[in-house]
Amino acid sequence: MQERLSHSVDQTFCMCIPPPNVTGTLHLGHALTVAVEDALVRWKRMQGYKVLWVPGCDHAGIATQTVVERRLLKEEGKCRQDFTREQFLQEVWKWKKEKGEEIYEQLRRLGASLDWSRARFTMDPGFSRSVSEAFVRLCDSGLIYRSEGLVNWSCFLESAISDIEVDTKELSGKTLMSVPGYENKIEFGTMYTFAYPVEGQDREIAVSTTRPETMLGDVAVAVHPDDPRYLAVHGKQCRHPFTDRLLPIITDSVVEMDLGTGAVKVTPAHDHTDFVLSQRNSLPRLMVIGENGTMTRLCGLWLEGVKRFDARQLVVDALVEKKLFRGERSHAMMLPICSRSGDIIEPLLKKQWFVRCDEMAKKAVQAVEDGHLEIIPHFYTKTWKNWLSNISDWCISRQLWWGHQIPAYRVVLANSTDHPENDQWVWGRSKDEARQRAAVKFGANPEDIVLSQDSDVLDTWFSSGLFPFAMLGWPEQTADLQRFYPNSILETGSDLIFFWVARMVMLGTELTGQLPFRQVLFHSLVRDKHGRKMSKSLGNVIDPLDVIDGVSLEKLQEKVKERNVDSRERLFAMEAQRKDLPKGIPQCGTDALRFALCSHKIQGEDISFSASQVLSCRHFCNKMWQTLRFTLKVLAESTTPVGALEETRPVSSMDRWICSKLYSTIVQCEQAFEAYELHTVTSALYTFWVHSLCDVYMEYVKPVVGQTDIEHSDRMRHVASTVLYHCVSVSLTMLSPFMPFITEELWQRLQPFRPRASAQDSLCLQPYPHSSQLAHWHFPEEERDFLLVQEVIRVARSLRAQCGMTKEKPAMWAVCSHHQAQVLLHFQSAVWTLSRISHLHIFCPQRTNSLVSVHNTPPPKGSLIGVVDHTFQLHLHVQSGMNKDKLILQLHQRKEKLIPRLEEVLCRVQSSDYATKVPAHVRQQMDSKMSTIQQELKTIEDQLKLLQDTQTDER
């Protein structure tokens with residue numbers, strides 16, 4: 001269809017949706033992504049590009065497995081270990097089918113114009129082949145390797161997690177915290193000091209730690225080589241009080257002499273710094289905490305099987321009993337926490353698969369520095385470089401069942417004398433390929449090789465990092481891959497810069513030889529009214545369908561109760577709902593939600609969700625309906641068909657003004673769209689429709705299209721109706737990417753009056769308006785001059801309101817300059833109509849003979865005066881029957897509002913850096929504003945004196 005469009009161009013625009021996790025339904029953060037991306041793809045599609053926007057879902061290994069495990073425990077009272085791996089995976093697939101369909105339905109309801117025929121799920125067979133291919137290629141090139149090292153371990157999940165999935169909580173001192181798997185809160189932020197007796201000497205070495213339970217895994221005590229306190233014990237040994245092991249006293253410059261006692265315990269299997277120290281000093285590594293978070297048999301029978309934080313107090317008590325405990329104190333620290341489970345991270349020594357990142361990261365940094373990859377907003381470029389320049393190798397092994405099982409195989413040779421624990425591995429796209437590789441590698445017959453596949457799965461972000469090209473069929477050289485890769489842009493939340501974006505760039509460049517996309521657009525995060533990120537774990541997420549359809553407070557509270565949320569967070573979320581949404585969320589519709597989300601400045605501060613803002617956008621939708629009804633009425637009453645846009649030449653000053661405003665709006669939207677500043681586009685379109693088209697032009701045109709007794713009225717009515725038609729039609733087309741449903745409906749209702757038949761019967765396939773089409777509608781002088789007219793209308797309405805003239809149309813006097821008089825005469829009918837006055841007498845203090853309509857006599861004395869600016873005043877004669885007390889009160893109220901404004905301006909103008917830091921054009925505006933306020937205050941004082949004198953005379 002798109003290739004047959006008359007306005008199609010030989011360019012492509014491709015983008016993938018950040019695949020949402022199948023852990024549940026979408027929330028407003030996802031809705032923002034959809035609203036922004038759909039606006040971009042619809043805009044490009046209407047420009048004639050060949051557009052591909054691919055939908056997908058991510059299997060979300062840890063998150064999905066955890067959710068399914070909790071459901072099985074709740075509904076069947078069973079844990080994962082009660083199932084075989086295959087049985088458990090069947091349960092997860094059931095969950096995926098249920099939640100995946102819900103997510104896709106939400107995307108459809110949000111109006112996402114995705115290519116559903118190309119939908120991808122990261123566990124689909126085709127995508128899984130891409131994952132295996134990537135793993136094998138990276139292993140072959142040496143970028144994936146297997147090694148023993150310390151990993152970030154979640155004892156609750158019993159799995160490793162990557163560095164960027166670890167949150168750090170800053171503790172100022174002793175703090176009680178909830179930990180998964182423990183009924184009572186655990187104390188952190190405490191420094192414990194105990195002593196190790198020096199073997200063969202009557203002295204001891206005191207060491208301090210926040211984790212005394214790990215002392216069972218101590219293998220040495222380290223001191224700084226230059227610390228004079230410990231020179232005598234270099235090379236000596238300490239006796240472990242519980243295991244009787246001898247611990248060498250080693251020297252290393254990494255030890256800080258001024259920290260604590262200057263001596264540190266060395267626990268290589270449970271501390272990253274100690275692990276490096278053990279490598280330099282050839283120390284053993286003893287694992288005393290197991291994968292499930294309990295103490296191992298190396299600790300002895302008295303601790304074996306005890307939970308790690310329960311063991312803490314037991315160790316302290318035992319040290320006290322042996323008179324080796326030297327005290328405890330509050331200690332500020334950073335506590336590593338699993339972002340997935342809230343568990344306290346335990347560094348564990350494990351053999352895992354790692355991705356070597358340093359060289360790939362350098363290429364990713366260079367791509368941005370060379371301009372091949374653009375990051376928007378640009379301030380993220382520094383963050384990008386800093387993180388990638390300090391990147392560590394990426395552990396991609398996860399001890400889960402749900403995910404892509406690692407295509408690596410442990411090799412055991414038949415009749416071999418090798419120990420079964422020997423780490424001999426091969427990898428392959430299939431088991432048969434792995435067997436052939438093993439045969440070549442070990443010089444054995446394939447029949448003599450026994451393979452067992454690694455039971456671990458790959459980190460979810462590994463497969464997600466392949467999405468831009470795997471979704472197009474890679475490694476096969478498909479037509480889609482050749483046509484749409486690299487993608488045009490990646491649009492996603494700023495919180496995924498490391499999790500996803502950096503890894504896509506590294507993997508895409510390495511595996512395809514090309515960057516996966518040319519631009520990255522980061523949008524802000526959606527937060528609740530309390531500034532917290534919307535998260536399922538906090539219970540503060542809002543289903544976009546609840547905003548679209550409306551929902552009661554009771555239903556919102558039920559949803560929070562159903563979610564797997566910590567009890568404290570549940571109470572906080574429910575109380576926030578009662579406070580912020582006491583009546584629930586009113587029905588707003590898809591278009592209003594999308595428009596509201598795109599109205600935020602996505603390239604800046606985080607977005608605070610407001611139901612009232614979405615509701616105001618729903619009111620805008622109502623305004624659009626009202627505008628169309630009036631337009632259809634005008635078109636139906638017109639006896640002349642609508643003229644083509646390129647042939648329409650506006651006649652009256654107001655026709656010229658509204659046409660020029662439309663032209664300027666299109667120019668503003670073009671520039672903003674190119675810069676991905678969608679909030680500027682939506683603001684420009686809203687302002688034009690509401691404040692220019694409805695508030696001004698339609699109010700002006702109502703009497704014009706109804707006139708029957710003035711000269712050339714038929715021509716004026718025809719031009720006005722044609723201009724109105726094109727303003728509405730073009731505006732609907734420009735709003736279409738943001739509000740596809742209402743714009744399509746309204747546009748279709750305009751079609752019977754369309755000047756020319758269209759080859760396409762849908763608005764979304766029409767060409768997007770371009771400023772070159774409306775160049776003949778550009779009248780900059782009309783726009784400039786009408787700014788004065790609008791201010792005159794505002795002041796005139798204010799004067800009428802002050803005098804209580806809600807229905808009367810009084811005459812007024814304008815005291816102004818010669819140029820201002822010309823402008824008023826040019827827009828005379830608009831001033832009279834929109835100000836609701838019967839006549840405007842114009843008086844120029846500097847008399848001129850060039851304007852025949854200008855009066856030579858000033859306005860009558862005793863008039864009520866309104867200040868337009870410091871050179872322009874409007875006068876309304878105060879009749880004797882008017883309520884002067886009310887006028888005096890209103891003038892005093894106006895004075896009270898103006899004084900703070902003047903003080904604010906004076907404060908800024910008189911600031912020390914005003915002349916040096918404030919641009920000249922801004923200073924000029926401020927000076928003019930100050931002069932106008934001062935003039936209006938003086939006028940109010942004069943009017944108050946006049947009214948008070950008049951009251952005295954009347955008495």
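Residues numbered from 1 in each chain as written. Predicted model: local features only at pLDDT ≥ 70, side-chain atom pairs only at ≥ 80, totals over all residues. Heavy atoms only, no water.

### Thoughts on the domain arrangement of the chain
Often, the extent of an interface is quoted as the loss of accessible area on bringing the components together. Keep this limit in mind: Where each domain starts and ends follows an automatic or database-derived domain assignment. Whether two residues are in contact is decided by their heavy atoms, any of which lying within 4.5 Å being enough. The term buried area denotes the loss of accessible surface (1.4 Å probe radius) that occurs when two parts are joined, taken as the sum for both partners. Whenever Lys or Arg places a side-chain nitrogen within 4 Å of a carboxyl oxygen from Asp or Glu, that contact is recorded as a salt bridge. In protein, a polar contact means a hydrogen-donor-capable atom and an acceptor-capable atom, both N or O and within 3.5 Å, with residues adjacent in sequence counting only if both atoms are side-chain atoms; elsewhere, any N or O pair within 3.5 Å suffices. Each helix is a run of H or I in the DSSP string that is no shorter than four residues. Each strand is a run of E no shorter than two, and both are numbered from the N terminus. Residues were grouped as follows: Ala, Val, Leu, Ile, Met, Phe, Trp, Tyr, Cys and Pro as nonpolar; Asp, Glu, Lys and Arg as charged; and all remaining residues, including Gly, as polar.
For the chain, the domain assignment lists domain 1 (164-347), domain 2 (407-453), domain 3 (607-761), domain 4 (779-882) and domain 5 (887-954). At the interface, 12 residues of domain 3 touch 13 residues of domain 4. Taking both sides of the interface into account, the surface hidden between domain 3 and domain 4 amounts to around 1100 Å²; carbon and sulfur atoms contribute 63%. Ranking the residues of domain 3 by area buried against domain 4 places Ser653, Arg656 and Trp657 at the top, with a combined share of 43%. One salt bridge connects arginine 656 with glutamate 781, and the closest N-O pair in it is separated by 3.3 Å. Linking domain 3 with domain 4 are 7 residue pairs in polar contact (both at pLDDT 80 or more), by the criterion used here. Sorting the residues of the side of domain 3 that touches domain 4 by element identifies helix 19 (653-674) and helix 20 (678-706) as the ones contributing at least two each. Residue composition of the side of domain 3 that touches domain 4, grouped by class: 6 nonpolar, 3 polar and 3 charged.

### Let's talk about the pattern of salt bridges
All told, the structure shown has 51 salt bridges when counted by the stated rule. For lysine 633, the salt bridge goes to glutamate 637, with nearest N and O atoms at 3.1 Å. Taken together, the residues span about one helical turn, with lysine 633 and glutamate 637 both in helix 18 (residues 611-637) at a distance of 4 residues.

### A word on the sheet that holds strand 26 (residues 487-493)
We apply this condition: Any two strands between which DSSP finds at least two bridges are classified as paired. Axis definition: a line fitted to C-alpha atoms, limited for helices to the stretch in contact. Angles are taken between N-to-C directions and run from 0 to 180 degrees.
Across the sheet, which stays open at both edges, the 3 strands sit in the order 19-27-26 with parallel pairing between neighbours. If you trace the sheet from one side to the other, it starts and ends with strand 19 (374-376) and strand 26, each paired once. Between one strand and the next, the sheet's axes are offset by a mean angle of 15°, whatever the strand orientation. In terms of strand pairing, strand 26 meets strand 27 (residues 517-523) through 6 bridges, oriented parallel. Its bridge partner lying in strand 27, threonine 492 is registered against phenylalanine 522.

### Observations regarding the pairing of strand 27
Where a strand is regular, its side chains alternate between the two sheet faces. To keep it simple, the criterion reads: For every residue, the accessible area obtained with a 1.4 Å probe (protein chains only) is divided by the maximum for its type, and the residue is called buried under 20%, exposed over 50%, and partly exposed between those limits. Viewed with both strands pointing away, a crossover whose connecting path from the first strand over the helix to the second turns clockwise is right-handed.
Here strand 27 lies mainly inside the structure; 6 of its 7 residues are buried. Each parallel crossover has a hand, and the one from strand 26 via helix 13 (residues 497-512) to strand 27 is right-handed.

### Re the pairing of strand 22 (residues 408-413)
Relative to strand 23 (residues 425-427), strand 22 runs antiparallel, the two sharing 3 bridges. Among the inter-strand pairings, arginine 410 is bridged to a residue of strand 23, identified as tryptophan 425. With 5 bridges connecting them, strand 22 and strand 24 (residues 449-453) associate as antiparallel partners. Bridged to arginine 410 within strand 24 is serine 452.

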